[in-house]
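# Structural overview for review
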Amino acid sequence: QFGRTEVIDNTLNPDFVRKFIMDYFFEERENLRFDFYDVDSKSPNLSKHDFLGQMFCTLGEIVGSQGSRLEKSIVGIPGKKCGTVIVTAEELSCCRDSVLMQFCANKLDKKDFFGKSDPFLVFHRSNEDGSFTICHKTEVVKNTLNPVWQAFKISVRALCNGDYDRTIKVEVYDWDRDGSHDFIGEFTTSYRELSRGQSQFNVYEVINPKKKGKKKKYINSGTVTLLSFLIETEVSFLDYIKGGTQINFTVAIDFTASNGNPSQPTSLHYMNPYQLNAYGMALKAVGEIIQDYDSDKMFPALGFGARLPPDGRVSHEFALNGNPQNPYCHGIDGVMEAYYRSLKSVQLYGPTNFAPVINHVARYASSVKDGSQYFVLLIITDGVISDMAQTKESIVNASKLPMSIIIVGVGPAEFDAMEELDGDVVRISSRGKFAERDIVQFVPFRDYIDRSGNHVLSMARLAKDVLAEIPEQFLSYMRVRGIKPSPAPPPYTPPIHVLQTQI
């Protein structure tokens, strides 16, 4: 149990106020269950109250719905309509702002015997227990009592932990080569005060408490002035999803002969009636998470490296459902069904060419570069690529497009060439041209087989590693293109119920 809402008395259309803060991970399937009760007494024990039904969903489903607002039927009491529930999600934003600030100082105390001071500022945020943590140091400005420091950028989280009224302490020092910097004085402020920008409120007297105690006529050790204050909000993956960006998911499956005859148990394509083969597992693991972000749940599914009926021609991009004009399958289950069907009708052949399916998705991706859609291609393969040069060229070209490529290697083959395509260590290049960004993530399926035979666990781990890079790859495309998220649709307001009064 994660938490409970408040109880709202005597209504069938409650609008709950209490919010729940949860950690969200794009790459994990986070299953949620909402249970509804009619409360009749003060007892915290749920069995003492009437059960009104429940709703199951994933956090990704809520986030991926239009405007991050999911409306779903409440179920769980046979033969009874239990009503509907509306769940909305929003990302906590106070933590995403950064501030660009610039300070200068006037008439600081002279600390050096020969020259003027070499001043710098140190910023500290206060903690809950009253202690202070250093969060920023400016550069040193040499030989002046009226320094102007360079503007610096700091996240609001680092500056005040998102609490606008928390004390920020600033100390002024005179830099010394031997590291024994002389303390000139200090002042305190808060994010809320600083956010007023350049004004008479943001001129601070620098006070040295020791001097103040000793000298009756002491006024201050100079002043520090805020010159500028600019808030920048870092946009996140969720801002785009909320604004309606769709993630299009395409699957490409390796039908080369090296997989082994599908009717033999040794084959990677063996259709075991009791459990999924490695291809099915990888497809389901990744697909079930991505499908939450695709509103129509229609996925193109392709195969490569097979001979097709009736004439036995070899194809490197054929539709698994047999319809080249419309290779879309409904949901991950539809993709699985088409995969099993095509295994029965095509002949496994070769070679293993990746470029045709990459170019297939790239054609779609190149037609929508406005940030409204992003394409993820999942290639599941048993191995050694035959068209390495063409594949590299396809990837370098695709790195300019709104797409990412996930390669899952199944079976015992050597996957050295795949590591080369995954640009984590060395950025991939073709004919001297480097990929604009890293868009390939490769993982060998064998690293995820759970020794105890727990496939649910191994599939969750696989999906997590495979999908972890997608939000960053997605953001890097949007940033380079200067594409901002669309505004989210207006928030939902419940209909006003007219109260009927008896006269």
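Small disclaimer: the values here were computed from a predicted structure and weren't measured. (Residues numbered from 1 in each chain as written. Predicted model: local features only at pLDDT ≥ 70, side-chain atom pairs only at ≥ 80, totals over all residues. Heavy atoms only, no water.)

## Re the packing of helix H6 (residues 278–290) against helix H11 (residues 455–467)
Helix packing for two helices is described by the angle between their axes and how far apart those axes are. Filter applied, for reference: Under this scheme, a helix contributes an axis fitted over its contacting stretch, all axes are lines through C-alpha atoms, and angles between N-to-C directions fall in the 0 to 180 degree range. Runs of E in the DSSP output that reach at least two residues are strands. Runs of H or I that reach at least four are helices, and both are numbered from the N terminus. Just so you know how the angles are binned, under 35 degrees is roughly parallel, over 145 roughly antiparallel, 65 to 115 roughly perpendicular, and the rest oblique. In this scheme the crossing of two helices becomes right-handed for a clockwise turn of the near helix relative to the far one and left-handed for an anticlockwise turn of less than a right angle. Pairs of residues are marked as contacts when any of their non-hydrogen atoms sit within 4.5 Å.
For the pair H6 and H11, interaxial distance at closest approach is 9 Å and the crossing angle is 60°. By the angle between their directions, the pair H6 and H11 is classed as oblique. Between H6 and H11 lies a crossing of right-handed hand. Contacts between H6 and H11 involve Met-281, Ala-282, Lys-284, Ala-285, Val-286, Ile-289 and Ile-290 from the first element and His-455, Met-459, Leu-462, Ala-463, Val-466 and Leu-467 from the second.

## Some points on the UniProt feature "domain: C2" (unreviewed entry) in the protein
We count it as follows: UniProt positions are given in the numbering used here, feature names are shortened, and annotations may be inferred rather than shown by experiment.
In this structure's numbering, the residues bearing the UniProt feature "domain: C2" (unreviewed entry) are residues 1–72 and 81–204. Regarding residues 1–72, the helix share stands at 8% and the strand share at 29%, and the terminal C-alpha atoms are separated by 20 Å.

## Regarding the sheet that holds strand S15 (residues 306–308)
To be explicit about the condition: Two strands are counted as paired when DSSP detects at least two bridges linking them.
Spatially, S16-S15-S19 is the arrangement adopted by the 3 strands of the open sheet, whose pairing is antiparallel. Only two strands of the sheet have a single neighbouring strand rather than two, namely strand S16 (313–315) and strand S19 (347–348). Alignment of S15 against S19, held across 2 bridges, turns out to be antiparallel. Across the sheet, Ala-306 pairs through a bridge with Leu-348, a residue of S19.

## Some words on the pairing of strand S21 (residues 403–409)
Rules: Each residue gets one of three labels from its accessible area relative to the maximum for its type: buried under 20%, exposed over 50%, partly exposed in between, using a 1.4 Å probe on protein chains only. Whether a crossover is right-handed comes down to one check: with the strands pointing away from the viewer, does the path from the first strand over the helix to the second run clockwise; if it does, it is right-handed.
The element S21 is largely enclosed, with a buried count of 7 among its 7 residues. Both faces of S21 are covered, namely the face carrying Met-403, Ile-405, Ile-407 and Gly-409 and the face carrying Ser-404, Ile-406 and Val-408. Where strand S20 (residues 373–381) meets S21, 7 bridges bridge the pair, whose relative direction is parallel. Bridging from a neighbouring strand, Ile-379 pairs with Ile-407 of S21. Handedness of the β-α-β unit built from S20, helix H9 (residues 388–398) and S21 comes out right-handed.

## Structural notes on the side chain of Gln-291
As for its placement among the helices and strands, Gln-291 is situated in the loop between H6 and strand S14 (298–304). Residues contacting Gln-291, with those up to four places away along its chain left out, are Lys-297, Phe-299, Gly-331 and Ile-332.

## A short note on the nonpolar core
Formally: What makes a nonpolar core is a set of buried Ala, Val, Leu, Ile, Met, Phe, Trp, Tyr and Cys residues whose side-chain atoms join them at distances within 4.5 Å. Reported domain spans reflect what an automatic or database domain assignment gives.
Within the largest apolar cluster, 70 residues are counted, with the highest numbers of intra-cluster contacts made by Phe-249, Phe-255, Ile-406, Val-408, Leu-462 and Leu-467. Residue assignment places this core across two domains, with domain 1 (1–91) and domain 3 (246–481) each supplying three or more. Excluding residues within four positions of it along the chain, Ile-406 makes contact with Val-286, Val-376, Leu-377, Leu-378, Ile-379, Gln-441, Val-466, Leu-467 and Ile-470.

## Side note on H9
Turning to H9, its buried residues number three or more, namely Met-388, Thr-391, Lys-392, Ser-394, Ile-395, Val-396 and Ala-398. In this structure, the buried side of H9 is in contact with helix H8 (355–365), S21, helix H10 (416–421), strand S22 (429–430), strand S23 (433–434) and strand S24 (440–444).

## Structural notes on the state of the cysteines
Our working definition: Here, the term disulfide refers to a pair of cysteine sulfur atoms separated by no more than 2.5 Å.
In total, this model carries 0 disulfides according to the counting rule given. Sulfur of Cys-57: no disulfide; nearest cysteine sulfur belongs to Cys-82 and is 16 Å away. The class of Cys-57 is buried, set by a relative accessible area of 5%.

## Details of the packing of H6 against helix H7 (residues 331–345)
Heads up, the condition is: Gly falls in the polar group here, along with every residue not listed as nonpolar (Ala, Val, Leu, Ile, Met, Phe, Trp, Tyr, Cys, Pro) or charged (Asp, Glu, Lys, Arg).
Across the interface, H6 lies against H7 with an axial gap of 10 Å and an inter-helix angle of 160°. Between H6 and H7, the crossing angle belongs to the class labelled roughly antiparallel. Between H6 and H7 lies a crossing whose hand is right-handed. Counting all contacts with H6, which are made through Tyr-279, Gly-280, Leu-283, Lys-284, Gly-287 and Glu-288, the residues of H7 involved are Ile-332, Asp-333, Val-335, Met-336 and Tyr-339. In terms of residue class, the contact of H6 with H7 is built from 6 nonpolar, 2 polar and 3 charged.

## Some details on the packing of aromatic side chains
Quick note on the threshold: Any pair of Phe, Tyr and Trp rings, taking the six-membered ring for Trp, is counted once the centres come within 6.5 Å. Such a pair is stacked with planes under 30 degrees apart, edge-to-face with planes over 60 apart, and tilted for the rest. A ring has a charge above it when a Lys NZ or an Arg CZ is no more than 6 Å from the ring centre and no more than 35 degrees off the ring normal.
This structure, assessed with the given rule, holds 23 aromatic pairs. Aromatic pair Phe-120 and Tyr-173: ring centres 5.7 Å apart, planes at 20°, arrangement stacked. Here Phe-120, found in strand S6 (residues 119–126), pairs with Tyr-173, found in strand S9 (residues 167–174); they are 53 residues apart in sequence, far enough to count as distant. Judged by relative accessible area, which is 6%, Phe-120 ranks as buried. By relative accessible area, Tyr-173 is classed as buried at 19%. On the basis of an interplanar angle of 35° and a centroid distance of 6.3 Å, the ring pair of Tyr-279 and Tyr-339 is categorised as tilted. Taken as a pair, Tyr-279 in helix H6 and Tyr-339 in helix H7 lie far apart in primary sequence, 60 residues in all. Tyr-339 matches Tyr-279 in its accessibility class, with the two residues each being buried. Within the aromatic cluster, the residues linked to one another by ring pairs are Phe-26, Phe-237, Tyr-240, Tyr-293, Tyr-374 and Phe-474. One cation-aromatic arrangement involves Lys-169 over Phe-132; the distance from NZ or CZ to the ring centre is 4.4 Å. If you follow Arg-307 out to its NZ or CZ, it ends over the ring of Tyr-349, 4.2 Å from the centre.

## A closer look at the environment of Val-85
Take Val-85: it is sitting in strand S4 (residues 84–88). Residue class for Val-85 comes out buried when judged on its relative accessible area of 11%. It is 9.2 Å that separates the C-alpha atoms of Val-85 and Phe-34, two residues lying 51 residues apart in sequence. Dropping the residues within four chain positions of it, Val-85 is found in contact with Phe-36, Met-55, Leu-70, Glu-71, Lys-72 and Ile-74.

## Some details on the domain arrangement of the protein
Taken as a whole, the protein is organised into domain 1 (1–91), domain 2 (97–233) and domain 3 (246–481). When each unit is reduced to the centre of its C-alpha atoms, the spacing between domain 2 and domain 3 is 54 Å.

## Points about unusual backbone geometry
Along the chain, Pro-309 connects to Pro-310 via a cis peptide bond; the corresponding omega equals 0°. By the element assignment, Pro-310 lies in the loop between S15 and S16. Each neighbour pair has its own omega, and for Gly-350 with Pro-351 the value is -10°, a cis peptide bond. Tracing the backbone shows Pro-351 in the loop between S19 and H8. Positive phi values are uncommon outside glycine, yet Ser-68 reaches one of about 50°. Along the chain, the position of Ser-68 falls in the loop between helix H1 (59–64) and strand S3 (69–73). A residue is classified by how much of its surface remains accessible, and Ser-68, at 3% relative accessible area, is buried. If you check the backbone angles, Arg-431 has positive phi at about 50° while not being a glycine. Mapped onto the secondary structure, Arg-431 falls in the loop between S22 and S23. Its relative accessible area of 74% is what places Arg-431 among the exposed residues.

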